[in-house]
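# Structure at a glance
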Amino acid sequence: MHVSASKNLAGNKQIIPTALQMEEIKQYLGKINKPAVKSIKSPDGDIIDCVRIDLQPALDHPLLKNHNIQMVPSMIPTYRGGNYTINTQSVRQGWSDVSSCPSGTVAIRRIKVEEVLRAKSLSRFGKKPLNYRSSASINPTHEYAIAHPNTQNGPIYGTRATFNVWDPDVEVGNEFSLSQLWMSAGLYENSDLNTIEAGWQVYPGSYGDKSTRLFIYWTADSYKNTGCYNLHCPGFVQTNNNIVIGGVLSPVSTYGGSQHEITLLIWKDQSSGNWWLKYGETIVGYWPSELFTHLSSYATSVEWGGEIVNTSPNGVHTSTNMGSGNFAEEGYEKASYIRNLMIVDSSNSLSPLQSIISSATNPNCYDVQNYQDANWGVSFFYGGPGKNSLCT
């Protein structure tokens with residue numbers, strides 16, 4: 001289903017659906033927005049539905065028809081290298097200050113009609129563009145400041161990292177700014193790239209606002225047909241009722257002031273084959289092994305970093321910020337960072353990296369700088385303002 005568009009509205013085109021298209025959208029929303037045991041109006045405007053765990057959207061996936069929900073992982077990676085602090089109270093989701101979801105349910109952000117209308121088509125709603133390339137590839141509209149391990153020996157079974165959270169300015173609605181980790185296997189060129197992704201993002205064209213949100217993504221075919229953001233399609237199985245995927249994160253870091261962080265851990269349960277997500281100290285859920293081809297075994301690549309979309313509004317480089325909107329050289333309390341980078345190995349141990357290789361697509365616009373000390377381990381600062389005297 002493709003829809004027509006008219007004038008710009010808040011940086012996005014106002015969509016005018018036909019009666020048939022509107023009916024298709026309502027049918028989709030009827031399938032993806034499951035009946036709620038309880039609904040909560042969040043202060044940020046979202047509606048959070050408490051859905052029975054056995055009725056969640058994931059189980060509509062054809063590969064998961066006979067899937068038995070794994071309520072807890074059989075193992076959690078251990079770190080034997082000493083103390084590692086996680087600030088579990090640093091960033092919250094506002095809906096949880098209003099109410100909570102009862103036991104036996106999961107908390108799911110309700111998708112609105114307006115969100116679907118902002119997509120170019122119903123079939124592409126919640127998905128990255130068909131010409132999207134991974135961060136290691138060249139894409140003229142996507143710019144990166146990223147890092148990967150200096151040496152990558154053998155299979156990868158997970159990663160953990162801590163991100164400070166910001167609210168970067170996004171110039172136009174169909175651009176975004178994010179900070180994330182990527183785990184992947186397969187090749188984009190062979191249309192069999194498998195990825196698991198998680199982080200924070202500001203994406204007005206998807207959510208309809210400029211709030212900073214927790215997000216996930218997955219694909220099993222190089223972003224062509226499988227996978228999506230958050231819970232916009234069946235796939236990710238949620239097991240926790242305290243975290244909303246796609247939910248607003250607050251407070252965010254301030255320039256020269258408080259730094260607010262989230263810690264993400266993704267790892268493969270080598271007993272079930274599922275890939276689990278942990279947010280701070282909360283186990284959120286998992287990507288079932290059945291969704292993947294290459295990642296059903298292990299990952300062969302891991303990356304961390306920032307990404308923006310540059311649509312060159314008005315014929316010049318976008319002013320969309322990456323990270324804090326400041327260059328990496330400004331350092332702590334001013335630049336965005338990702339710290340304490342770790343890898344999960346075949347023995348289910350978290351191993352700190354020894355070194356990383358970092359790079360930036362367009363360092364005049366957004367750059368990256370490695371950092372390491374006893375507390376942060378291997379880390380890096382990254383980001384930038386976008387359009388400036390050297391970035392046009």
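What this report covers is the structure whose coordinates are included nearby. (Residues numbered from 1 in each chain as written. Predicted model: local features only at pLDDT ≥ 70, side-chain atom pairs only at ≥ 80, totals over all residues. Heavy atoms only, no water.)

### A few points about the state of the cysteines
Considering all chains together, one arrives at 3 disulfides under this definition. The disulfide partner of Cys50 is Cys101, and the S-S distance across this bridge is 2.1 Å. The chirality of the disulfide connecting Cys50 with Cys101 is left-handed, given an S-S dihedral of about -80°. Here Cys101 lies in the loop between strand S5 (78–79) and strand S6 (105–109) and Cys50 lies in strand S4 (residues 47–52), a separation of 51 residues in the sequence. Each member of the pair, Cys50 as well as Cys101, carries the same accessibility label: buried. The side chain of Cys365 participates in a disulfide bridge whose partner is Cys391; the two sulfur atoms lie 1.9 Å from each other. Here the S-S torsion is close to 100°, and the disulfide linking Cys365 with Cys391 is therefore right-handed. (Disulfide = S-S within 2.5 Å. Helix = DSSP H or I, 4+ residues; strand = E, 2+ residues; numbered from the N terminus. Buried < 20%, exposed > 50% of the residue type's maximum accessible area, 1.4 Å probe, protein only.)

### Some words on the environment of Pro102
Take Pro102: it is sitting in the loop between S5 and S6. Look past the residues within four positions of Pro102 in its chain and what remains in contact with it is Val37, Lys38, Cys50 and Asn241. (Contact = heavy atoms within 4.5 Å.)

### Some thoughts on the pairing of strand S13 (residues 261–268)
The buried fraction of S13 is high, at 8 of 8 residues. Neither face of S13 is open: one carries Glu261, Thr263, Leu265 and Trp267, the other Ile262, Leu264, Ile266 and Lys268, and all of them are buried. Where strand S8 (residues 158–164) and S13 come together, 7 bridges link them in antiparallel fashion. Residue pairing across strands places Gly158 opposite Trp267, the latter belonging to S13. Here 5 bridges tie S13 to strand S14 (residues 275–279), and the two strands are oriented antiparallel to one another. Its bridge partner being in S14, Trp267 is matched across the sheet by Trp276. (Pairing = 2+ DSSP bridges.)

### Some details on the pairing of S4
Most of S4 sits inside the fold, with 5 of its 6 residues counted as buried. In this structure, strand S3 (residues 38–41) lies alongside S4, joined through 4 bridges in antiparallel fashion. In the sheet register, Ser39 faces S4, and the bridge partner there is Asp49. Counting the residues between successive antiparallel strands, the hairpin from S3 to S4 contains 5 residues, one of them, Gly45, with a positive phi of roughly 105°.

### Topic: empty space enclosed by the protein
This structure, assessed with the given rule, holds 1 cavity of 30 Å³ or more. Of the pockets and cavities examined, the largest cavity occupies roughly 70 Å³. Lining the largest cavity are Ile32, Asn33, Ile108, Arg109, Ile111, Asn230, Leu231, His232 and Ile245. Split by residue class, the lining of the largest cavity holds 5 nonpolar, 3 polar and 1 charged. (1 Å grid on protein atoms, 1.4 Å probe; cavity = no way out; pocket = protein on both sides within 12 Å on 5 of 7 lines; lining within 4 Å. Points joined across faces, edges and corners; volume = space filled by probe spheres on them. Nonpolar A, V, L, I, M, F, W, Y, C, P; charged D, E, K, R; others polar.)

### Side note on the nonpolar core
Of all hydrophobic cores here, the largest spans 59 residues; its most connected members are Trp287 and Trp304. Dropping the residues within four chain positions of it, Trp287 is found in contact with Ile196, Glu197, Ile216, Tyr217, Trp218, Phe236, Ile266, Asn274, Trp275, Trp276, Leu277 and Phe292. Leu178, Phe215, Tyr217 and Tyr229 belong to the second-largest nonpolar core, a separate cluster that totals 14 residues. (Core = buried A, V, L, I, M, F, W, Y, C linked by side-chain atoms within 4.5 Å.)

Remember that the coordinates give geometry; whether it matters functionally is a separate question.
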